[in-house]
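Listed below are the residues making up each chain.
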Amino acid sequence: MRGTRLALLLVLSALVRTPRVAAQEPVPTPEPTELDSAPAATPEEPPPAPSAPVPASSASGAPEVAAPAGDAATTASAATSPPATPTKSEPTADSVSAALVANEADASDAAGDTASEDVQAHPFEIYGFADIYFAAPFYRPNSPYAAAGLGSHTFFSIGNFNLYLSKSLDESWSFLGEVRFLYAPNGANDPANPGTRISTQVGDYADIDRPFRWGAIEVERLHVDYRHSELFSLRLGQWLTPYGIWNIDHGSPTVIAIQRPYIVGEELFPEQQTGLQAFGQAFAGDLKLGYALGVSNGRGPMDQQRDLDYDKAFTGRLEAGYNGLGDLRVGSSYYRGRYTNASFPLIDASTASADRKVLEQYYEQSFGADLQWDYEKFLLRSEFAYSERWYQGGVRKVVSPGQVYPDRRRYGAYVLAGYRTPFFDLMPYAILQHYVLGHDPVLPQLDRLRAYHAGINWAVTPSVTAKGEYVYVIFPDAASLLTERDTLHLVQFQLAVAF
Amino acid sequence: MPRRFRAAWAVSLLMVLPPVGACQFESSDVCGPELEFNSGVNVCQCKAGSILVGGQCVACAEHEIAVVDKCECETGFVRGATGTCELPIVGLGDSCDPDQASSCAGKKYDYCARARAGDGYCTQSACSASTECPAGYTCAIWATPAFCERPPTGLGQTCAASTDCAGKDASFCEAFVSKACLVPNCDLGRNDCSDTFGCCDLSKFALPNLCVPIGMCPK
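On a predicted model such as this, the values are computed, not experimentally measured, just so you know. (Residues numbered from 1 in each chain as written. Chains lettered and ligands numbered in written order. Predicted model: local features only at pLDDT ≥ 70, side-chain atom pairs only at ≥ 80, totals over all residues. Heavy atoms only, no water.)

A. Up close: the interface of chain A and chain B. Taken together, the 36 residues of chain A in the interface contact 31 residues of chain B. Carbon and sulfur atoms make up 68% of the area that chain A and chain B hide from each other, which totals about 2700 Å². Between chain A and chain B we count zero salt bridges in total. Put simply, chain A and chain B have eight residue pairs in polar contact (both at pLDDT 80 or more) between them. Among the elements of the structure, strand 9 (287-296), strand 10 (313-322), strand 11 (327-342), strand 14 (358-375), strand 15 (378-390), strand 17 (403-404) and strand 18 (408-419) of chain A are those that each provide at least two residues to the side of chain A that touches chain B. Counting residues per element, the side of chain A that touches chain B draws most heavily on strand 11 of chain A, at six residues. Of the residues belonging to the side of chain A that touches chain B, the class tally is 20 nonpolar, six polar and ten charged. (Contact = heavy atoms within 4.5 Å. Buried area = accessible area lost by both parts, 1.4 Å probe. Salt bridge = Lys/Arg side-chain N within 4 Å of Asp/Glu carboxyl O. Polar contact = N/O pair within 3.5 Å; in protein donor to acceptor, adjacent residues only side chain to side chain. Helix = DSSP H or I, 4+ residues; strand = E, 2+ residues; numbered from the N terminus. Nonpolar A, V, L, I, M, F, W, Y, C, P; charged D, E, K, R; others polar.)

B. Seen up close, the nonpolar core. Ranked by internal contacts, the top residues of the largest apolar core, which has 41 residues, are W246(A), I263(A), Y414(A), L416(A), Y435(A), L449(A) and V473(A). A per-element tally of this core places strand 19 (residues 426-436) of chain A first, with four residues. Membership of the second largest hydrophobic core comes to 19 residues, among which are L92(B), Y121(B), W142(B) and C148(B). (Core = buried A, V, L, I, M, F, W, Y, C linked by side-chain atoms within 4.5 Å. Buried < 20%, exposed > 50% of the residue type's maximum accessible area, 1.4 Å probe, protein only.)

C. Structural view of unusual backbone geometry. A184(A) connects to P185(A) through a cis peptide bond whose omega is 10°. Its place among the elements puts P185(A) in the loop between strand 3 (173-182) and strand 4 (201-204). The backbone of D209(A) sits at a positive phi, close to 60°, despite the residue not being glycine. Judged by relative accessible area, D209(A) falls into the exposed class, the value being 55%. In this structure, A126(B) takes a positive phi of about 65° despite not being glycine. Mapped onto the fold, A126(B) is located in the loop between strand 11 (120-123) and strand 12 (138-140). A residue is classified by how much of its surface remains accessible, and A126(B), at 64% relative accessible area, is exposed.

D. Quick peek at the sheet that holds strand 16 (residues 197-200) of chain B. Residue and element names in this part refer to chain B. Strand order across the open sheet formed by four strands is 14-15-17-16, with antiparallel pairing between neighbours. At either end of the open sheet lies a strand with only one pairing partner, and these are strand 14 (172-174) and strand 16. When the angles between neighbouring strand axes are averaged without regard to direction, this sheet yields 50°. Inspection of the sheet shows strand 14 paired to strand 15 (residues 180-184) by three bridges, in the antiparallel sense. Paired with F172 across the strands is L182, a residue of strand 15. (Pairing = 2+ DSSP bridges. Axes fitted to C-alpha atoms, helices over the stretch in contact; angles between N-to-C directions.)

E. Summary view of the state of the cysteines. Residue and element names in this part refer to chain B. Under the criterion given, the structure shown has 13 disulfides over all chains. A sulfur-sulfur separation of 2.1 Å characterises the disulfide bridge that pairs C46 with C57. Looking along the S-S bond of the C46-C57 disulfide, the torsion reads about -95°, which is the left-handed sense. On the criterion of sequence distance, the pair formed by C46 in strand 2 (residues 43-46) and C57 in strand 4 (residues 56-59) is long-range, its members being eleven residues apart. Summarising the burial analysis for this pair, C46 and C57 share the class buried. (Disulfide = S-S within 2.5 Å.)

F. Structural view of the pairing of strand 15 of chain B. Residue and element names in this part refer to chain B. Most of strand 15 sits inside the fold, with five of its five residues counted as buried. The turn linking strand 14 back onto strand 15 is made up of five residues, and K179 within it adopts a positive phi angle of 50°. Bridge count for strand 15 against strand 17 (residues 210-213) is two bridges, and the pairing is antiparallel. Paired with P184 across the strands is L210, a residue of strand 17.

G. Seen up close, the sheet that holds strand 2 of chain B. The sheet built from four strands is open, its strands ordered 16(A)-17(A)-2(B)-1(B) with antiparallel pairing. Only two strands of the sheet have a single partner each, and these edge strands are strand 16 (398-400) of chain A together with strand 1 (35-38) of chain B. Pairing of strand 1 of chain B with strand 2 of chain B, which is carried by four bridges, proceeds in the antiparallel orientation. If you follow L35(B) over to strand 2 of chain B, its bridge partner there is C46(B).

H. Layout of the packing of aromatic side chains. All names here are of chain A. Applying the stated criterion across every chain yields a total of 20 aromatic pairs over all chains. Residues F161 and F499 carry aromatic rings whose centres are separated by 6.4 Å and whose planes lie at 50° to one another, so their mutual orientation is tilted. Here the residue F161 occupies a position in strand 2 (residues 155-168), and F499 occupies one in the segment after strand 22 (488-498), the gap between them amounting to 338 residues. Residue class for F161 comes out partly exposed when judged on its relative accessible area of 37%. Taking relative accessible area as the criterion, F499 reaches 34% and is therefore assigned partly exposed. Between W173 and Y226, the aromatic rings sit 4.9 Å apart at their centres with planes inclined by 50°, giving tilted as the arrangement. (Phe/Tyr/Trp six-rings, centres within 6.5 Å; stacked < 30°, edge-to-face > 60°.)

Encoded structure:
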């Protein structure tokens, strides 16, 4: 368990589950879009469609601006700008308004039944992204890093394979769903029998029971949006928590780097929530202010379907953008909720009552701040996140018999800087990360880490991105656990496509 | 600086300022009032001598020590029939010389009692009730000093003649009705029988007084 977690931290959850974020840089697109010229888009941004402008994120996590041709970096910071031209990858609400207008115009000229016109005006769309990964880790064979399932060998891996299903229901209503297909749980460590890999191999009933391995599907998000105005929209369902940069932009083709930063991957904020969110934005010349407010089940063992306590979680985000010196955006986010895990209530026939046992319960709050700045070919991304949880009389999670979790405080930050060169659209970039784990009983010897990344992002085509990266991770306080040979060096590559 | 520019920066500054004073985390108290922090493994655990039960720390009883999540008996103690930790029943019933006062010395049961059969055994003295005695033993309050008397040997053993009960505490064979070995020659006044037995006058049957189960004495 410790080993597994260790490796996950060390390396990179993304080795098993590659980054789902885009945060950084949309793929260059062929069609420039005039910033601030289009109405706001309400849906989350999907990855860029092959020939579509790429949206950036707003305070709500909604896509906004399309990328100017050939330079996604500029696009990425356009979050401060009003939403842009609708794209194939943003089918909802105003994000598709232009397309809708065109479609509707065509439809009005055409004879046909209403249903046919509706289909033309509000088509159901499927699109997505995928990535393939290759890694060459460098550490001793029995290093705890290997507990992440990485082994000490070079390997290829299929990372994400995500599909978006979207439909603009009319000019105000829209729907977006995203699912991810996984090979998991095959090959994962069996929690019921640590050290044993789960096998999903079964006989194929369609092929005289020859063996095959089944996988899983994860619902990343699923929500219905209602857009009242640019200043006010509602989102109901499971949505990405509107915080920072990386958690909102989504999809490996648009991410500059290969892995999510630790503060994002370790979920100092919950990655998704299920509930109701209001969001909007206002403009004044080069300035933009955006907001998002959400109420949800908060974090829990099954928060997509149930809240195991009465406390609803609160999420808030404010964002300001300025286009006077390149594209500059700053934002801050806040989350507060109560986590409760409880046993399934069982009925006592003698008393005709159902009772449950609370297994863990704590309060948590998180604060984050982020900065995006795009200036010509240069871009800068930075996030800080702070998270604390306290039990306040609640039931603490058992670590081992007689030992339970303490209150915890985690925080960290990263800075990413890149420059899109004119040579084949290559962008060298560098990342510095610092993350404090804060009283983690699973990794008691590791209090903090620092990671250094240096890489190249190559926008091969508008829908194909290749990345190569060197990662160096150190644990300054872990001398008793890790030797110099355990310092992680990793060379990794990723090819990501949008389709 | 344009007014709207200043306003934007003011808003931005407000946004990035953390909610000072809103922190709930107390680095000096990460485990609450009952638990203490073990920084070596980053966990909360109960203080020495108590264990975690349902999220609460419960102190271990006398002669118990906390071992992980259980209270275990201290070294040299064992858990007795009542659930408490006590010295092991070493020496109880061991043979001894009732004429040698020190023949049980050094043991928990340091009193050498003379059995009805005439032999000696180590037991506990200075009792006032059988509840103070080991399980099955009767506090012989009729004796001086009072001591915990062992269960009569041979009691209830099937017999046909007294030779079958020879050498036992229950040395009399009641061969007419029960056909079992019983303790003879009890004192009606002192009722010096084991618990659940009573001294019965059977002289009208030309038998000695016998310890019989309470309620079984013929009127």
